[in-house]
Amino acid sequence: MSSSRVDLEKYRIPLEEIIRATRNFSSETQIGDGGFGMIYKGQLSEHQKNRTVVIKRFNRNGYQGNSEFYKELNMVSGFHHPNIIPFIGYCDDANEMIIVYEHAIHGSLDSHLQDPNKWRCITWTQRLRICLGAAKGLKYLHSDIGKNTVIHGDVKSANILLDEILQAKISNFGLSRFGTRNQPHTHLVTKASDDKEQYLLDLVRSYYDEDESGVFKKLIDPVIKDRIDMDSFHMFNEIAHQCINLDSKKRPTMDKIIEKIEKALSIQLNHCRDLTDTINNIEEAFPEDDENILSTAEQDREWWQST
């Protein structure tokens, strides 16, 4: 047994615990699948702190196999960052290949983007915080893991999970690979995007075409456009546009991306505080029996404070 396996012993979860949590891998607890196998949601026992978890069961006959299971296990067990989905444990009893992760209660970012009832409820401040969390998680993978760097290989909204406070958590490391540090221009094109990489860039870039009025109608969500500080938006828009520069060498570093998003967030938060003060002044200026004005002001105040 290797030293890495010895270090992992404290994370071992008995197969009986996994079977109980998934009701013997019942279809009722299954929440996903793929070439690697199946994904289940379950609750561990009191001995395991009653945690709600996601259980990734590798297919022993799948293309990833034993080597991919241990590669992912050794990789994710070493991650420690608030914007990386936490590793809980694993099980390899009876030739099983199972990795257990923390469950993110609000699911994936793409599930919010595709559901109008969800994305309409996410404020500009929350959106900036989600982007900032994802950026910090990627920076950690690229530069803050000992001697190595990790190339995720499948960064997309479906692999950005959201916890109870909508904090971004990068997940799904099935395609991830270790790389060498001090390579600022490391580049990876996955098989899925190989033939379409330029097309996708052109598609994204097309959304940056301004109309005659100079308002970015394709970029600004109309649901929250009146709640966005435009200085904050332009700060974010500028760095986002740099990220899709056709010349990859001119794209910003993760440090620069984080810096710009933090500035955009700071501008928006200051705007929220200024607007709240304005609402308070309006409430004081109008008589209490003017229910329409007071109701509108109170709704605005609650909306801003929720951000």
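Residues numbered from 1 in each chain as written. Predicted model: local features only at pLDDT ≥ 70, side-chain atom pairs only at ≥ 80, totals over all residues. Heavy atoms only, no water.

Per-chain confidence: the protein chain averages 82 in pLDDT, with 76% of residues scoring 70 or above. Element-level mean pLDDT values for the protein chain span from 47 in helix H10 (residues 291-306) up to 98 in strand S8 (residues 168-170). Segment residues 1-6 is flagged for pLDDT under 50; beyond a separation of four residues in sequence, or across chains, it makes six contacts in the model. Across residues 292-301, where pLDDT falls below 50, the model places 14 contacts with residues more than four positions away in sequence or in other chains. (pLDDT = per-residue confidence, 0-100. Helix = DSSP H or I, 4+ residues; strand = E, 2+ residues; numbered from the N terminus. Contact = heavy atoms within 4.5 Å.)

Each aromatic ring pair is characterised by the separation of its centres together with the angle its planes make. On inspection of all chains with the given rule, the structure shows nine aromatic pairs. Here Phe58 and Phe69 contribute two aromatic rings whose centre-to-centre distance is 5.3 Å and whose plane-to-plane angle is 70 degrees, an arrangement assigned as edge-to-face. Taken together, the residues span a long stretch of sequence, with Phe58 in strand S3 (residues 52-58) and Phe69 in helix H3 (residues 65-76) at a distance of eleven residues. Given a relative accessible area of 0%, Phe69 falls into the buried group. Relative to Phe173, the ring of Phe79 lies with its centre 5.0 Å away and its plane at 55 degrees, an arrangement referred to as tilted. Here Phe173 lies in the loop between S8 and strand S9 (177-180) and Phe79 lies in the loop between H3 and strand S4 (87-91), a separation of 94 residues in the sequence. Assessed through its relative accessible area of 8%, Phe79 is described here as buried. Residue classification places Phe173 among the buried residues on the basis of a relative accessible area of 0%. (Phe/Tyr/Trp six-rings, centres within 6.5 Å; stacked < 30°, edge-to-face > 60°. Buried < 20%, exposed > 50% of the residue type's maximum accessible area, 1.4 Å probe, protein only.)

A few words on the side chain of Gln268. Assignment of secondary structure puts Gln268 in helix H9 (residues 254-285). For Gln268, the side chain forms a polar contact with the main-chain nitrogen of Asp229, separated by 2.9 Å. (Polar contact = N/O pair within 3.5 Å; in protein donor to acceptor, adjacent residues only side chain to side chain.)

Note that Gly42 resides in strand S2 (residues 37-43). On the basis of relative accessibility, which here comes to 8%, the residue Gly42 falls in the buried class. Separated by 24 residues in sequence, Gly42 and Ile18 have C-alpha atoms that sit 8.3 Å apart. Here Gly42 is in contact with Ala21, Arg51, Thr52 and Val53, once residues within four sequence places are set aside.

Counting residues in each nonpolar core, the largest one holds 50 residues, and the members touching the most others are Phe69, Leu73, Phe79, Ile99, Leu141 and Phe173. Secondary-structure elements contributing two or more residues to this core are H3, S4, strand S5 (98-102), helix H6 (124-143), strand S7 (160-162), S8, helix H8 (230-243) and H9. Looking at which element gives the most residues to this core, the answer is H6, with nine residues. Residues contacting Phe79, with those up to four places away along its chain left out, are Ile84, Tyr140, Leu141, Ile145, Val150 and Phe173. The next biggest cluster of nonpolar side chains, apart from the first, holds 13 residues, and it includes Ile13, Ala21, Val53 and Ile98. (Core = buried A, V, L, I, M, F, W, Y, C linked by side-chain atoms within 4.5 Å.)

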